[in-house]
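Here is what each chain is made of, one letter per residue.
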Protein chains: 2
Amino acid sequence: MTYCVGLMLERGLVMMSDTRTNAGVDNISTFRKMFTWEKPGDRALVLMTAGNLATTQSVVSILDERTKAHGERDPSLFEVPSMFQAARLVARTLKDVIAAHADVGQRADAAFNATLILGGQIKGGAPRLFLIYPEGNFIEAGDDTPFFQIGETKYGRPILVRAYDPAMSFEKAVKLMLVSFDSTLKANLSVGMPFDLQVYEADSLQLGRRIRIRAHDPYFEQISTGWGEELKSALDSLPDFEF
Amino acid sequence: MTYCVGLMLERGLVMMSDTRTNAGVDNISTFRKMFTWEKPGDRALVLMTAGNLATTQSVVSILDERTKAHGERDPSLFEVPSMFQAARLVARTLKDVIAAHADVGQRADAAFNATLILGGQIKGGAPRLFLIYPEGNFIEAGDDTPFFQIGETKYGRPILVRAYDPAMSFEKAVKLMLVSFDSTLKANLSVGMPFDLQVYEADSLQLGRRIRIRAHDPYFEQISTGWGEELKSALDSLPDFEF
């Protein structure tokens, strides 16, 4: 499994992904699940992947080759005129890769599925955030649902639902995401460190800070320990049930 | 879906279950998922159910009929000499019911599956808590894993993992469970109020308080609102990330 979160804030986008892949509990590896494309002053795109690793690597390779091979007739991520067209391109690539490897048997394609989060901005448009499904369709984050999660989403969802605020700073958003990742990490072996963090500042049209948060990172350990203590004292500060 | 939690404490057992059943989002109902058997001074048993409603109702009916029909040759929950034997009886009943209704087709039995939590005490033994699988086998809670969840378990798990303490009072345990149920309720439509709460005090050999917590219960609303605020201030009290 995997855990990735993309947050749409007033200041821009914050994306975070874990790096654990597994085929069974005795076959685990570390792979980057966050990929970026940038043409400063024109566009910055961040893609996060969950699902079959062969599928997601293939999708990224195809998208990369398209951006490199100049004679290619298909539009590339560096040429599409809008984020909506970028999402369509990524979604079509994903659908094609799954279809190419899926067997003809019933349900056989499920194992090759993947789900993606695409965020970024292209000159002339606003920052946008999309959740792309294996069927090749996608939805966009709006005011009512301003963040997307993919992978092992349930453990880390309650804190996002309750503490997310579109006006929050990048520094606070990263803290919130680390709490959400920590809750997931504590409950599910298929999500693992290090985490990749990418910030995109609205209208900058270039990628912002990109940081890898490794195991034993002092700030993460402080958040993880501190959050456990804060939760206990939060529980203590509420009145006990009375029979 | 469903959400049920059974906590093993030093003082005894606390069990809580929701009451929502659904076959699709447009076919929801309210059914009790908690069932008890009691012979004061001799035994007290609490069963919680998750899964196919026809299966779990059938299991409970069979267990009930066995306790009523005196000429029956099978052992009943009122006659088994230990909690282990009670768990075996319930597990065998569950397995038989699933087998009786399962089609011969591949995977056809999955839809009739159910998972159960059985807790209680029979004279001569200690209080015990079991998680019973649809295959008819089961595991017992111990010091390392002192609680079980069934149904929609993920949203409400982080707070249980972090705040559970075997020495906690019943009053605090109910508060903890309501926080866990509230996180689940906020994230998943298939879990719904009212909640059923059953307390069993160790060595009392009779059922303790049984309470139904309904929608708009003032204490639950206080916990739900208060927890949201506490979470936000807990997050505020941790240091922000620094780039």
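Residues numbered from 1 in each chain as written. Chains lettered and ligands numbered in written order. Predicted model: local features only at pLDDT ≥ 70, side-chain atom pairs only at ≥ 80, totals over all residues. Heavy atoms only, no water.

- Per an unreviewed UniProt entry, the recorded name for chain A is Putative proteasome-type protease, and the organism is Rhodovulum kholense.

### Comments concerning the relation of the copies chain B and chain A
For the pair of chain copies, the relating operation is a rotation around an axis with a shift along it.
Here comes step 1: By a simple turn and slide, chain B fits onto chain A: the slide is 0.0 Å along the axis, the RMSD is 0.0 Å, and the turn is 180°. Such a combination of turn and shift is consistent with a two-fold rotation axis. In terms of proximity to the rotation axis, the leading residue of chain B is B:Tyr155, whose C-alpha is 2.4 Å off the axis.
Here comes step 2: Both copies contact each other with a shared surface, as 100% of the interface residues of chain B are interface residues in chain A too. (Least-squares fit on C-alpha atoms with pLDDT ≥ 70 in both. Contact = heavy atoms within 4.5 Å.)

### Section: the packing of aromatic side chains
Here comes step 1: By the definition in use, this model includes 16 aromatic pairs over all chains.
Here comes step 2: Pairwise contacts between aromatic rings join A:Tyr3, A:Phe181, A:Phe195 and A:Phe220 into one cluster. (Phe/Tyr/Trp six-rings, centres within 6.5 Å; stacked < 30°, edge-to-face > 60°.)

### Some remarks on the interface of chain B and chain A
Here comes step 1: With 44 residues of chain B at the interface, the matching set in chain A holds 44 residues.
Here comes step 2: On the chain B side of the interface with chain A, the three residues burying the most area are B:Arg162, B:Phe241 and B:Phe243, jointly 22% of the side's total.
Here comes step 3: At the junction of chain B and chain A, the tally comes to 8 salt bridges.
Here comes step 4: Among the ionic pairs, A:Asp182 bridges to B:Arg162, the shortest N-O distance being 2.9 Å.
Here comes step 5: Applying the counting rule to chain B against chain A returns 22 residue pairs in polar contact (both at pLDDT 80 or more).
Here comes step 6: Of all the secondary-structure elements, those providing two or more residues to the side of chain B that touches chain A are helix 3 (157-163), helix 4 (170-187), strand 11 (195-201) and helix 5 (218-237) of chain B.
Here comes step 7: For the side of chain B that touches chain A, the leading source of residues is helix 5 of chain B, giving 14 residues. (Buried area = accessible area lost by both parts, 1.4 Å probe. Salt bridge = Lys/Arg side-chain N within 4 Å of Asp/Glu carboxyl O. Polar contact = N/O pair within 3.5 Å; in protein donor to acceptor, adjacent residues only side chain to side chain. Helix = DSSP H or I, 4+ residues; strand = E, 2+ residues; numbered from the N terminus.)

### Brief notes about the environment of B:Leu131
Here comes step 1: Relative to the elements of secondary structure, B:Leu131 occurs in strand 8 (residues 128-132).
Here comes step 2: Along the backbone, B:Leu131 and B:Ala91 are 40 residues apart, and their C-alpha atoms lie at a distance of 9.5 Å.

### Considerations on the sheet that holds strand 5 (residues 34-39) of chain B
Residue and element names in this part refer to chain B.
Here comes step 1: The strand order 5-6-7-8-9 describes an open sheet built from 5 strands, whose pairing is antiparallel. The sheet is open, and its two edges are formed by strand 5 and strand 9 (138-140), each paired on a single side. Direction aside, the axes of adjacent strands within the sheet are offset by 15° on average.
Here comes step 2: Here strand 8 runs beside strand 9; their pairing, made up of 3 bridges, is antiparallel. Each bridged residue has a counterpart across the sheet, and for Phe130 the counterpart in strand 9 is Glu140.
Here comes step 3: Across the sheet, helix 2 (residues 83-101) is in contact with strand 6 (43-51), strand 7 (114-122), strand 8 and strand 9; its angle to strand 7 comes to roughly 160°. (Pairing = 2+ DSSP bridges. Axes fitted to C-alpha atoms, helices over the stretch in contact; angles between N-to-C directions.)

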